[in-house]
Amino acid sequence: MPAEIEILAYAAILLMAHVFAEGHFKTKQYGARWNMGARDEELPPLNPVAGRLGRARANYMETLPVAIIALLGVVIAGKTSFWTALGGWVWLGARIIYLPLYWAGVPVVRTLVWAIGLAGILLVLGVLLAG
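The notes below deal with the structure included here. (Residues numbered from 1 in each chain as written. Predicted model: local features only at pLDDT ≥ 70, side-chain atom pairs only at ≥ 80, totals over all residues. Heavy atoms only, no water.)

## Here's the deal with the pattern of salt bridges
Here's step 1: One pass over the full model with this rule turns up two salt bridges.
Here's step 2: Where E22 meets K26, a salt bridge forms, and the shortest distance between an N and an O atom there is 3.4 Å. Note that E22 and K26 are positioned in helix α1 (residues 3-30) at a spacing of four residues, about one turn of the helix.
Here's step 3: Using a relative accessible area of 7% as the deciding quantity, one classes E22 as buried.
Here's step 4: With a relative accessible area of 22%, K26 lands in the partly exposed category.
Here's step 5: Between R57 and E22 there is a salt bridge whose closest N-O contact spans 2.4 Å. Linking R57 in helix α3 (residues 48-76) with E22 in helix α1, this pair joins segments that are 35 residues apart in sequence.
Here's step 6: What makes R57 partly exposed here is its relative accessible area of 25%.
Here's step 7: Salt bridges sharing common partners tie together E22, K26 and R57. (Salt bridge = Lys/Arg side-chain N within 4 Å of Asp/Glu carboxyl O. Helix = DSSP H or I, 4+ residues; strand = E, 2+ residues; numbered from the N terminus. Buried < 20%, exposed > 50% of the residue type's maximum accessible area, 1.4 Å probe, protein only.)

## Here we look at the packing of α3 against helix α4 (residues 82-104)
How two helices pack is summed up by the angle between their axes together with the distance between the axes.
Here's step 1: The contact between α3 and α4 brings their axes to 9 Å, and the two run at 175°. In terms of orientation, α3 and α4 fall into the roughly antiparallel class. Here V49, R52, L53, R55, A56, N59, Y60, T63, L64, A67, L71 and V74 of α3 lie close against α4, whose contacting residues are T84, G88, W91, R95, Y98, L99, Y102, W103 and A104.
Here's step 2: Its residues placed into classes, the contact of α3 with α4 shows 14 nonpolar, four polar and three charged. (Axes fitted to C-alpha atoms, helices over the stretch in contact; angles between N-to-C directions. Parallel < 35°, antiparallel > 145°, perpendicular 65-115°, else oblique. Contact = heavy atoms within 4.5 Å. Nonpolar A, V, L, I, M, F, W, Y, C, P; charged D, E, K, R; others polar.)

## Quick notes on the packing of aromatic side chains
Here's step 1: Enumeration over the complete set of coordinates arrives at six aromatic pairs.
Here's step 2: Their ring planes at 80° and their centres at 5.4 Å tell us that F25 and W103 sit as a pair that is edge-to-face. Here the residue F25 occupies a position in helix α1, and W103 occupies one in helix α4, the gap between them amounting to 78 residues.
Here's step 3: On the accessibility criterion, W103 (33% relative accessible area) is partly exposed.
Here's step 4: Considering the side-chain rings of F82 and W83, the 5.0 Å spacing of their centres and the 80° angle between planes classify their relative orientation as edge-to-face.
Here's step 5: For F82, a relative accessible area of 57% corresponds to the exposed category.
Here's step 6: A cation over an aromatic ring shows up here: R95 above the ring of Y98, its NZ or CZ 4.4 Å from the ring centre.
Here's step 7: The side chain of R110 reaches across the aromatic face of Y102, ending 4.0 Å from its centre. (Phe/Tyr/Trp six-rings, centres within 6.5 Å; stacked < 30°, edge-to-face > 60°. Lys NZ or Arg CZ within 6 Å of the ring centre and 35° of its normal.)

Fair warning: the whole summary comes from geometry, so function is off the table for now.
Written out as structure tokens, the structure is:
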């Protein structure tokens, strides 16, 4: 199995971690009844941790489709290489580190880690688009 597919499998697990972490803290704030209900009622604003986890998930959801396109693209195009695997692992590693940084509210380092992840996926796209 190409490393790029393995990276996508781990990316799916990371997505579940985002969803479950956010859901846990929302349920902690709003209660199990809210979690199992239709969620139609107006609610007070989220506490800071639940809010950050929601924003972290949304940010991940903005970058995940780009990673899927890039990583699947190199597999389909037959352009997998050391560089595409490296770029994918850098992206995934940065995204794993990003979640606890956002959770804890760490500002500048979080943005630097995001940029490292972006560089990793740009490396994969570069290989995909190169001749």
